[in-house]
Amino acid sequence: MVDGQESADAQPTADEVRQRVVEVFARSGVDFSPHVHEAVLDYETAAQVRERFRLTGTETKSLFLRGKSGRHTMFVSVEGQRLDTARARAALGEKFSIASGDELKAVTGCEPGCAVPLGLPPQVTLLIDSAIEHEPRLILSPGPPTETIEVSASQWAALLSETDSPVVKY
């Protein structure tokens, strides 16, 4: 810390991740009320939470990538979709690999298994799967793995328009 300010390299905390997400919601005008529950870090627990809170949306999933250039990208899709590496490479313009959980946490502050695609640092590109556009409602975390929100497709578009990250369609 220098003169009371954190280093730009400091790992974001869970509270900072959530605050960034809240700011995206505020800028977009989209309200949200999270459902609070046990930590969701796998699809089995996510299914139990969906059932308990009667959520009808499709679970989003995120995969953190590191390009050959060192640039980071968050691939965002829905449960059941797989990353087509050739298609993603064409969209991103470079080869990439899957980043480690430690790298995800260091760059974004997100927990592995609970990466939130909103409120990311501006140097992280969002690679958005077009499969998302076919879902009427989406389920995601606002940061902490103990919270879940559900948004309509129109709300998702409004939220994406307020992120600081570049958005690439896939």
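Above: the structure in question.
Residues numbered from 1 in each chain as written. Predicted model: local features only at pLDDT ≥ 70, side-chain atom pairs only at ≥ 80, totals over all residues. Heavy atoms only, no water.

Assignment of secondary structure puts T146 in the loop between β6 (137-140) and β7 (147-152). A C-alpha to C-alpha distance of 9.2 Å links T146 and L41, two positions 105 residues apart in sequence. (Helix = DSSP H or I, 4+ residues; strand = E, 2+ residues; numbered from the N terminus.)

The next subject is the pattern of salt bridges. Under the counting rule described, the total for this entry stands at 11 salt bridges. One salt bridge connects E79 with R50, and the closest N-O pair in it is separated by 3.3 Å. Of this pair, E79 sits in the loop between β3 (72-78) and α3 (85-92) while R50 sits in helix α2 (residues 43-53), and the two are 29 residues apart along the sequence. Accessibility expressed as a relative area gives 29% for E79, which makes it partly exposed. Linking E111 and K105 is a salt bridge whose minimum nitrogen-to-oxygen distance equals 2.2 Å. One network of salt bridges, with partners in common, ties together R27, E162 and D164. (Salt bridge = Lys/Arg side-chain N within 4 Å of Asp/Glu carboxyl O. Buried < 20%, exposed > 50% of the residue type's maximum accessible area, 1.4 Å probe, protein only.)

Moving on, we get to the nonpolar core. Looking at soluble globular proteins, one finds that nonpolar side chains tend to be buried together. Ranked by internal contacts, the top residues of the largest apolar core, which has 29 residues, are F25, M74, L118 and W156. Contributions of two or more residues to this core are made by α1 (14-28), β3, α4 (101-108), β5 (124-128), β6, β7 and α5 (153-160). Apart from the residues within four sequence positions on either side, W156 is in contact with V76, P117, L118, I128, I132, L138, L140 and V151. L65, F75, A88 and Y170 belong to the second-largest nonpolar core, a separate cluster that totals six residues. (Core = buried A, V, L, I, M, F, W, Y, C linked by side-chain atoms within 4.5 Å. Contact = heavy atoms within 4.5 Å.)

This part is about the state of the cysteines. Applying the stated criterion to the full structure yields zero disulfides. We note that C110 lacks a disulfide partner, and the nearest cysteine sulfur, in C114, lies 7.2 Å from it. Given a relative accessible area of 1%, C110 falls into the buried group. (Disulfide = S-S within 2.5 Å.)

Let's shift gears to the environment of A86. If you trace the backbone, A86 turns up in helix α3. In this structure A86 comes out as partly exposed when scored by relative accessible area, which is 43%. Spatially, the C-alpha atoms of A86 and T163 are 26 Å apart, while their sequence positions differ by 77 residues.

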